[in-house]
Every structure is written in structure tokens, then in C-alpha cells.
Amino acid sequence: MTRTISVIQKKGGCGKSTLIISLASILAGEGHNVIIPDTDTLHSSSLWAQQEISGRGSIDYLRETNDNAITNLLQEVRSTYDYTLVDTAGFNSRIAGFIAVESDLVLIPCTTTISDIAGAIDTQRFLSKLSDKIGKPIKSTVVRMDFDRGTRNVEDITNELSNEPDLQVLDAVLWHTTTFKTAMNTGEPIKARAKIYTQELVRELRAKDLIPPAIIRKAAA
Ligand SMILES: Nc1ncnc2c1ncn2[C@@H]1O[C@H](COP(=O)(O)OP(=O)(O)O)[C@@H](O)[C@H]1O
Ligand SMILES: [Mg+2]
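A brief look at the structure comes next. Numbering of residues begins from 1 in every chain and follows the order in which that chain's sequence is written. Throughout, the order in which chains and ligands are written sets their labels, letters from A for the former and numbers from 1 for the latter. In view of the model being predicted, local features appear only for residues whose pLDDT reaches at least 70, and side-chain atom pairs are presented and counted only at 80 or more, with totals across whole chains, interfaces and linings using the full set of residues. To obtain the side-chain values, all non-hydrogen atoms of the structure were included, while hydrogens and water were left out.

1. With respect to the site of ligand 1
The local shell around ligand 1 holds 14 residues, among which Lys 16, Ser 17, Thr 18, Leu 174 and Lys 181 are the closest. With respect to ligand 1, the backbone of Gly 13 contributes an N or O atom lying 3.0 Å from an oxygen atom. The definition of a polar contact used here is a pair of N or O atoms within 3.5 Å, where within protein one atom must be able to donate a hydrogen and the other to accept one, and adjacent residues in sequence count solely through side-chain atom pairs. Here an oxygen atom of ligand 1 sits 2.9 Å away from a polar atom, N or O, in the main chain of Lys 16. Here ligand 1 has 560 Å² of accessible area as a free molecule, and 82% of this is covered by the chains. Every helix listed is a DSSP run of H or I at least four residues long, and every strand listed is a run of E at least two residues long, numbered separately from the N terminus. Within the residue set of the shell around ligand 1, elements represented by two or more residues are helix 1 (16–29) and helix 7 (178–186). Considering each element in turn, the shell around ligand 1 owes the most residues, three residues, to helix 1. Charged means Asp, Glu, Lys or Arg here, nonpolar means Ala, Val, Leu, Ile, Met, Phe, Trp, Tyr, Cys or Pro, and polar covers whatever is left, Gly included. Residues belonging to the shell around ligand 1 are distributed by class as follows: five nonpolar, six polar and three charged. For each residue, the test is whether any non-hydrogen atom lies within 4 Å of the molecule or strand; if one does, the residue is near. The protein chains shown are the only cover counted for residues, whose accessible areas, like all others here, come from Shrake-Rupley with a 1.4 Å probe.

Here's what the structure looks like:
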């Protein structure tokens with residue numbers, strides 16, 4: 001069952017860290033133990049996780065930018081946490097390959113820019129090649145981020161992405177809403193529309209067996 005989920009995209013600023021903190025909010029809010037290994041020197045998601053905010057659930061973080069250390073580290077945390085959500089700086093670094101190999105699922109965020117679309121396609125090709133090299137499938141799917149609801153863009157970009165073989169696109173979209181930015185800036189869990197969109201995403205990931213069902217823990221006696 002999926003436990004280690006990473007975000008990888010060639011293009012920066014596509015919503016990788018936003019997706020990580022949103023998933024962390026929902027999964028920890030359900031009572032899961034979550035860790036965010038942050039491998040980006042910008043530290044966006046770990047700065048969010050670092051803030052002492054009550055009511056956010058169990059979210060730990062660690063920082064690691066050494067590609068020789070990341071594989072062991074991800075294997076170690078796997079047994080301790082329900083979900084390992086790995087943030088990256090993109091795929092133009094050796095570390096992204098190591099992370100992809102350890103991931104049960106790679107999410108490829110994509111906004112509405114031409115460079116993001118090209119980046120999502122390049123990222124999928126990178127993952128397909130890597131998967132051939134290691135002789136093991138690497139599950140991956142695109143998550144559309146920061147799209148404006150009801151615009152022609154949505155259909156056009158989705159069609160363009162769908163033309164690429166091996167590239168899957170989720171139905172759920174993290175539509176544009178400033179509530180994602182608010183969460184990132186305050187350290188709060190995602191709220192309002194950002195929460196609804198991410199809950200839809202989690203529901204679809206479960207319906208497609210891309211992540212495990214919610215764990216129901218019995219209250220301590
Ligand atoms: N669905 C969304 N609605 C509004 N803003 C978004 C959304 N997704 C991402 N953003 C914004 O896009 C910018 C880049 O996102 P970020 O997660 O930092 O990207 P990355 O980690 O890939 O560099 C941030 O300002 C973030 O708030
Ligand atoms: Mg980031």
C-alpha cells in the first residue's frame with residue numbers, strides 16, 4: 001500500500017510545496033502520523049511544518065539535501081509514519097531519481113503555464129525512463145494546480161496533457177484559491193475551499209487505490 005508520496009516536477013513554482021502541505025493537513029487531520037522530508041533548500045514545506053500550531057495533527061519534518069543519504073532515510077521513516085510526503089526542488093538533481101525510486105506514488109503538479117505543461121511531460125518521460133532502468137513500475141499522476149474554474153484553459157491543457165503516453169491526470173483539481181497561500185504563510189492547516197479541493201483529491205487517490213484507506217485507530221483504553 002502507498003505510504004511514500006513525493007512531488008516531482010521539472011518546472012519550479014508549479015505548486016509542489018502547496019500540494020505537500022495540503023495533503024499533510026488532510027492526512028494528519030484524519031489522525032495519521034505524517035512526516036515531510038523536505039529536500040528543497042528553500043524549505044517551504046518544512047518552514048510550514050516547523051510552526052507550532054495546535055489542532056494540526058501529527059506532522060513531523062526533516063531536511064535532507066544529500067543524495068547519498070536520502071534512500072536510507074526514506075526507508076527508515078517508512079516504518080514509523082503512516083505517510084511520508086517528500087517535497088523536492090524538481091528533477092534536475094540526482095536526488096529526485098533516488099526519491100522517485102523510493103516512492104509508492106509520484107505526484108506531478110502542473111499549473112496552466114506552457115512551461116509547466118512541458119515540465120509535466122518531461123517529468124513523466126524522466127520517470128518512465130527511470131522505471132525501465134530499475135525494472136520496476138513507478139506510479140505517477142499529474143495534479144492540476146491553480147487552475148481557474150470554468151475557463152477554456154482547463155479543457156485545452158487537460159487535452160494536451162492527455163496526448164502524452166503514460167501520463168495520467170487526476171480528475172480532482174486544486175483550483176485557484178488564496179486559501180492555499182494563507183495556509184502556507186500562517187502555518188495553519190488548509191481551510192475553506194483549499195480543504196474541500198484537497199479532500200476531493202484524497203478521495204480520488206483512495207478510490208483509485210493510489211493511497212491506502214484511512215486508518216481507524218481505536219482510542220487508547
Ligand atoms: N491552487 C492554488 N491556488 C492559489 N495559489 C496556488 C495554488 N497552488 C499553488 N499556488 C501558489 O503558487 C505559488 C507556487 O507554489 P509552491 O507550492 O511554492 O510551488 P513549488 O513548491 O513547486 O515551487 C505559491 O505562491 C502558491 O501559493
Ligand atoms: Mg517548493
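Let us keep going from here.
2. Quick notes on the pairing of strand 2 (residues 34–38)
The rule is simple: take the accessible area with a 1.4 Å probe, protein chains only, and divide by the maximum for that residue type; under 20% is buried, over 50% is exposed, in between is partly exposed. Within strand 2, five of the five residues are buried, which leaves the element mostly enclosed by the surrounding structure. The two faces of strand 2 match: Val 34, Ile 36 and Asp 38 on one face and Ile 35 and Pro 37 on the other face are all buried. Whether two strands pair comes down to DSSP finding at least two bridges between them. In terms of strand pairing, strand 2 meets strand 3 (residues 59–63) through five bridges, oriented parallel. Residue Ile 35 lies in a different strand from strand 3, and its bridge partner there is Asp 60. If the strands point away from the viewer and the path from the first strand over the helix to the second runs clockwise, then the crossover is right-handed. What joins strand 2 to strand 3 is helix 2 (residues 44–50), and the crossover it makes is right-handed. The sheet contact formed by strand 2 and strand 4 (residues 83–86) spans two bridges and is parallel. In the sheet register, Ile 35 faces strand 4, and the bridge partner there is Thr 84.

3. Re unusual backbone geometry
Here Asp 166, not a glycine, exhibits a phi torsion of approximately 70°, which is positive. Of note, Asp 166 is situated in the loop between helix 6 (152–162) and strand 7 (169–174).

4. A closer look at the packing of aromatic side chains
Two aromatic rings from Phe, Tyr or Trp, using only the six-membered ring of Trp, form a pair when their centres are within 6.5 Å; if the ring planes differ by under 30 degrees the pair is stacked, by over 60 it is edge-to-face, and anything between is tilted. Tallied over the full model, the rule gives zero aromatic pairs. Over the face of the ring belonging to Trp 48 we find Arg 56, whose NZ or CZ atom lies 4.5 Å from the ring centre. Lysine and arginine charges are scored as sitting over a ring when NZ or CZ, respectively, is within 6 Å of the ring centre and within 35 degrees of the ring normal.

5. Description of the sheet that holds strand 1 (residues 4–7)
Within a beta sheet, neighbouring strands are joined by backbone hydrogen bonds and run either parallel or antiparallel to one another. Pairing is parallel in the open sheet, where seven strands are placed in the order 3-2-4-1-5-6-7. Each edge of the sheet is formed by a strand with only one pairing partner; in this case those strands are strand 3 and strand 7. Pairs of neighbouring strands in the sheet enclose a mean axial angle of 25°, with direction left out of account. Whenever a helix is involved, its axis is fitted only over the stretch in contact; in every case the axis is a line through C-alpha atoms, and angles between N-to-C directions fall within 0 to 180 degrees.

6. Quick notes on the environment of Glu 188
Within the element layout of this structure, Glu 188 appears in the loop between helix 7 and helix 8 (192–207). Exposure remark for Glu 188: the relative accessible area of 28% places this residue in the partly exposed category. Here the alpha-carbon distance between Glu 188 and Ser 54, two residues 134 residues apart in the chain, equals 8.7 Å. Any pair of residues with heavy atoms lying within 4.5 Å of one another is described as a contacting pair. The residues contacting Glu 188, other than those within four sequence positions of it, are Trp 48, Ile 53, Arg 56 and Ala 183. A polar contact is formed between the side chain of Glu 188 and the side chain of Lys 191, at a distance of 2.9 Å.

7. Considering helix 1
Over its 14 residues, helix 1 runs 20 Å from end to end, which matches the ideal 20 Å to within 8%, given 1.5 Å per residue. Of the positions making up helix 1, those classed as buried are Lys 16, Ser 17, Leu 19, Ile 20, Ile 21, Ser 22, Leu 23, Ala 24, Ser 25, Ile 26, Leu 27 and Ala 28. Any helix carries an expected span of 1.5 Å times its number of residues minus one.

8. Side note on the pattern of salt bridges
Just to be clear on terms, a salt bridge is a Lys or Arg side-chain nitrogen sitting within 4 Å of an Asp or Glu carboxyl oxygen. Counted according to the given criterion, the structure contains nine salt bridges. Put simply, Glu 164 and Arg 125 hold a salt bridge, and the shortest N to O gap is 2.9 Å. One end of the pair, Glu 164, is in the loop between helix 6 and strand 7; the other, Arg 125, is in helix 5 (residues 114–134), and 39 residues separate them in sequence. Since its relative accessible area comes to 11%, Glu 164 is described here as buried. By relative accessible area, Arg 125 is classed as partly exposed at 46%.

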